[in-house]
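Architecture at a glance
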Amino acid sequence: MQKTDVIVLGAGAAGMFAAIEAGRRGRKVLVIDHAKAAGEKIRISGGGRCNFTNIHTAADRFLGRNPRFALSALRRYTAQDFIARVDAAGIAWHEKALGQLFCDGLATQIVAMLLRDMAEAGVTLWLDTSLGALRRVAGGFEVETGRGLVRAEAVIVATGGKSIPKMGATGYGYKVAESFDIPVTETRPALVPLTFAEQELDWMKPLAGVSLAGRVSLGRVGFDEAVLFTHRGLSGPAILQISSYWREGEAITLDLVPGRDVAGFLLAEKQAAGRAALRTALGKLLPEKLARLLEQRAGVDGPLAEMSRQKIDSIAAGIGAWQLRPVGSEGYRTAEVTLGGVDTDALDGRTMQARAVPGLYFVGEVVDVTGWLGGYNFQWAWSSGWAAGQVA
Ligand code: FDA
């Protein structure tokens, strides 16, 4: 039987950050993970360059039953705090777009920084070690591991969500919560490509690889980012963003040329080049393959000059508000995150401690806090890990 002060379950972004903070306070910390390497999702994130935070971090960039829950931790450990850490480690970075900060070099620099900080804080790391049941015992907790039983005063659960099971994601953290009667909200894949029925795929498939700067919306929520046609349906940042809001049966609205008066444009083209085909005019606004498809779908085969005002208006309306009804998503296999998780009502927003189980903490993606695409999820991992690390 081994004993320590704090056990951190999961060596991902949130777990490593919590461990560093607890270790710096002089706590004896043990981090356990079944993966062969720590921070695997950091390594592959942001196309290998890790979008490690977003300078526009605010409550409205997060989903969950209570999006304001995240505020306390996000305000106490901010994007600027993490940037200062990255700067101190000599890691060069740049803002790509929309406040998203990426490493200039490889994401492994962030993993290396965290591993170095853990070592300096005296944290012990057990990789390739399975986890079994976690129980309450006198004076703390006891967890079954592949290296035997371990006891500690405090346990921080940082085992993440269910996305990308191939990389070691499991529902372990949710099971731990349930075993302590801590509620878990419904979980579902988020930041994930959306899939379509065969009849839609018939016309979508030839467009695979086509991307455009569109606007995708659902009710009052909308995102102006890239949309990408794939063999399975739609992907790209705007689609991943809306996937977090979409539910089965709902239609999404795609504006192919946001901010553009398409009817006005087509009328002007009709005047200036009446003998041109609709696809030629649309090709000035959209990728050629898409322009051809829209012409086909509109059933137009004559030149612009033969098109009535009514026809132009209806084509423009379709381009500005194309209603598409996904049938599902690609699921956890490709989802970047898991929506839902440990119910925030059961946690103290300042410390991440379970209200009903003193000494038990939940941080990072396992909690029902899900950020938009763009560095928000890592910022939540750093902030929530930091918060628990101050007290555990
Ligand atoms: P995380 O999943 O990182 O860590 C959990 C750890 O627990 C893992 O090491 C796992 O092996 C371990 N574990 C799980 N079950 C276990 C068990 N049963 N026994 C033992 N160990 C167990 N976000 C962002 O802000 N910017 C970005 O650029 C990206 N990019 C990105 C790309 C891709 C492809 C994905 C899949 C995700 C992203 N994300 C992202 C999301 C981001 O990776 C995610 O939100 C954080 O990694 C969550 O950090 P956690 O530490 O909570 O979980």
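Attention in this report is confined to the structure presented alongside it. Please read all numbers here as calculations on a predicted model, not as lab measurements.

On to the overall build of the chain, then. For the chain, the helix and strand inventory stands at 13 helices and 21 strands. Projected onto the principal axes, the alpha-carbon positions of the chain cover approximately 85 × 40 × 35 Å. When each of the 392 residues of the chain is scored for burial, the buried share is 56%. With the model as given, the accessible surface of the chain reaches about 16,500 Å², and the carbon-plus-sulfur share is 49%. Between the centroid of the 44 positive side chains of the chain and the centroid of its 40 negative side chains there is a distance of 1 Å.

What follows concerns the site of the ligand. If you check the shell around the ligand, you find 30 residues, and the closest are Ala14, Asp33, Thr170, Glu365 and Phe378. At 3.1 Å from an oxygen atom of the ligand is found a main-chain nitrogen or oxygen belonging to Gly46. Within the backbone of Asn377, one N or O atom sits 3.4 Å away from an oxygen atom of the ligand. A total of 1,000 Å² of accessible area belongs to the ligand in isolation, and the protein chains cover 92% of it. Of all the secondary structure elements, the ones that give two or more residues to the shell around the ligand are helix H1 (13-24), helix H2 (40-48) and helix H13 (376-389). No other element matches the 4 residues that H2 contributes to the shell around the ligand. Grouping the constituent residues of the shell around the ligand by class yields 13 nonpolar, 13 polar and 4 charged.

Attention now goes to the sheet that holds strand E3 (residues 51-54). One open sheet holds the 3 strands; their spatial order is E3-E6-E5, and the pairing between them is antiparallel. For this open sheet the edge positions go to E3 and strand E5 (93-95), each flanked by a neighbour on one side alone. Adjacent strand axes in the sheet meet at a mean angle of 25 degrees, parallel and antiparallel pairs treated alike. For E5 and strand E6 (residues 100-103), the ladder comprises 3 bridges, and the chain directions are antiparallel. Note on E6: the bridge partner recorded for His94 is Phe102. Together, E3, E5 and E6 form the strand contacts of helix H4 (residues 79-88), whose direction differs from that of E3 by roughly 140 degrees.

To describe a pair of aromatic rings, one takes the distance between the centres and the angle between the planes. This model, assessed by the stated rule, comprises 14 aromatic pairs. The interplanar angle of 40 degrees and the centroid separation of 6.0 Å between the aromatic rings of Phe223 and Tyr245 together place this pair among those described as tilted. Taken as a pair, Phe223 in strand E14 (residues 221-229) and Tyr245 in the loop between helix H8 (237-243) and strand E16 (252-255) lie far apart in primary sequence, 22 residues in all. Lying across the ring of Phe102, Lys96 places its NZ or CZ 4.8 Å from the centre. Directly above the aromatic system of Trp203 lies the positively charged group of Arg297, at a separation of 4.5 Å from the ring centroid.

Further remarks concern the nonpolar core. Core analysis: the largest hydrophobic core is formed by 133 residues, its most contacted members being Ile110 and Phe362. Each of domain 1 (2-189 + 337-389) and domain 2 (193-329) accounts for three or more of the residues forming this core. Residues in contact with Phe362, not counting those within four places in the same chain, are Val157, Gly173, Val176, Ala177, Ile182, Val342, Leu347, Met352, Ala354 and Val367.

Here the focus is the environment of Gly364. By secondary structure assignment, the location of Gly364 is in the loop between strand E20 (360-362) and strand E21 (370-371). With relative accessibility at 2%, the residue Gly364 sits in the buried group. The spacing of Gly364 and Ala316 is 48 residues in sequence and 44 Å in space, taken between C-alpha atoms. When sequence neighbours within four positions are dropped, the list of residues in contact with Gly364 reads Ala14, Trp380, Ala381 and Ser384.

Quick notes on the rules
Residues numbered from 1 in each chain as written. Predicted model: local features only at pLDDT ≥ 70, side-chain atom pairs only at ≥ 80, totals over all residues. Heavy atoms only, no water. Helix = DSSP H or I, 4+ residues; strand = E, 2+ residues; numbered from the N terminus. Buried < 20%, exposed > 50% of the residue type's maximum accessible area, 1.4 Å probe, protein only. Areas by Shrake-Rupley, 256 points an atom, 1.4 Å probe, with all protein chains shown as cover. Lys, Arg positive; Asp, Glu negative; His and termini not counted. Charge placed at Lys NZ, Arg CZ, Asp CG, Glu CD. Near = heavy atom within 4 Å. Polar contact = N/O pair within 3.5 Å; in protein donor to acceptor, adjacent residues only side chain to side chain. Nonpolar A, V, L, I, M, F, W, Y, C, P; charged D, E, K, R; others polar. Pairing = 2+ DSSP bridges. Axes fitted to C-alpha atoms, helices over the stretch in contact; angles between N-to-C directions. Contact = heavy atoms within 4.5 Å. Phe/Tyr/Trp six-rings, centres within 6.5 Å; stacked < 30°, edge-to-face > 60°. Lys NZ or Arg CZ within 6 Å of the ring centre and 35° of its normal. Core = buried A, V, L, I, M, F, W, Y, C linked by side-chain atoms within 4.5 Å. Domains from an automatic or database assignment.

Remember, this is a structural readout, not a statement about activity or role.
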